[in-house]
Amino acid sequence: AAGYELVTQPEGDTADWQEKQQQTTVQRLRGKLWISVILTVPILLLSMGEMFISRPWFSQALRWKILFVLTTPVLFYAGGHFFVSAWKILKHRSADMNTLIALGTGSAYLYSSVITFFPFFFPGQMQHVYFETANGLIVDFVVKLIIKTGQALYEVVRFDSAHGCPHKDILAPDGSIKRKVWYEL
C-alpha cells in the first residue's frame, strides 16, 4: 500500500496494546525532539552568530564543518521517518507532505554539504550554507508531529469517554461513592 505498514496486534486486550503502542510512539518522538532541540541551539548560534559578533571565533570553513556535523543527526535521526515515508510514497508514483519535507530539507542539506567540502567549485557569491534551514524544518515538523500525536490520543480518550470506557469496572469498583461535580448541580 501507499507507504503504510501492516501492524498486527497480539491476542488479548487490544486497548492495553494500543495504549502501549501510543505511549512508545510518543516517547520515541520526545527523545527525537530533545536531541533535535539540543543540537539546534548551537546550529542557530553558529549560523546566525556573525550577525551579533563582529569578529567570528571560527574560520568559515571550520564553522561550516561543525554545522554539517551537528545537522546530520537531526536530519537523519529525528527526520529520518520523513525520508523513509517519502521514498515509500514515491515508489508508488505519488507525493504527500513527507515528500515535500524530504525534498526541501534534503536539497538544503545536500547543497550545503557540497559547499562545505567543495567550495572551490562555486564562485564566492554562491558560497552560502543552509544547514539551519534544513535543521529548523525538521525540528518544526517533529514538534508538529508530537502535537498531532497528542491530539490523536486526546480524541481516543474523548471517544472512549463518550461511548463508555472499556475499563469502567476498574475505574469505578462496586460500592464506590459517587459524588456530584459542582457544574452538574
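Scroll up a little and you will see the structure.
Heads up: these notes are all about the structure in this document. (Residues numbered from 1 in each chain as written. Predicted model: local features only at pLDDT ≥ 70, side-chain atom pairs only at ≥ 80, totals over all residues. Heavy atoms only, no water.)

### Structural notes on the side chain of Thr99
Within the secondary structure layout, Thr99 lies in helix α4 (residues 97-117). Residue contacts for Thr99: discarding those within four places in its chain leaves Ala86, Ile89 and Leu90. (Helix = DSSP H or I, 4+ residues; strand = E, 2+ residues; numbered from the N terminus. Contact = heavy atoms within 4.5 Å.)

### Points about the packing of helix α2 (residues 60-78) against helix α3 (residues 80-91)
Running from amino to carboxyl end, α2 crosses α3 at an angle of 50°, the nearest separation of the two axes being 4 Å. Our classification of the angle between α2 and α3 gives oblique. Judged by residue contacts, Leu75, Phe76, Tyr77 and Ala78 of α2 engage Gly80, His81 and Phe83 from α3. Residue classes in the contact of α2 with α3 are distributed as 5 nonpolar, 2 polar and no charged. (Axes fitted to C-alpha atoms, helices over the stretch in contact; angles between N-to-C directions. Parallel < 35°, antiparallel > 145°, perpendicular 65-115°, else oblique. Nonpolar A, V, L, I, M, F, W, Y, C, P; charged D, E, K, R; others polar.)

### A few points about the packing of aromatic side chains
Following the criterion strictly, the structure yields 11 aromatic pairs and no others. With a centroid separation of 6.0 Å and an interplanar angle of 65°, the aromatic rings of Tyr111 and Phe122 are classed as edge-to-face. Of this pair, Tyr111 sits in helix α4 while Phe122 sits in the loop between α4 and α5 (131-162), placing them 11 residues apart in sequence. Aromatic side chains Phe118 and Phe120 sit 6.2 Å apart centroid to centroid with 90° between the ring planes, which places their arrangement in the edge-to-face category. Through successive ring pairs, a cluster of aromatic residues spans Phe68, Phe76, Phe83, Tyr109, Phe117 and Phe131. (Phe/Tyr/Trp six-rings, centres within 6.5 Å; stacked < 30°, edge-to-face > 60°.)

### A short note on the packing of α3 against α4
Direction vectors running N to C along α3 and α4 enclose 120°, while the axes themselves pass 8 Å from each other. With respect to their mutual orientation, α3 and α4 come out oblique. Crossing of α3 over α4 shows left-handed handedness. Along its contact with α3, which presents Phe82, Phe83, Ser85, Ala86, Ile89 and Leu90, the element α4 presents Asn98, Thr99, Ile101, Ala102, Thr105 and Gly106. Of the residues that constitute the contact of α3 with α4, the class distribution is 7 nonpolar, 5 polar and no charged. (Left-handed = near helix turned anticlockwise from the far one by under 90°.)

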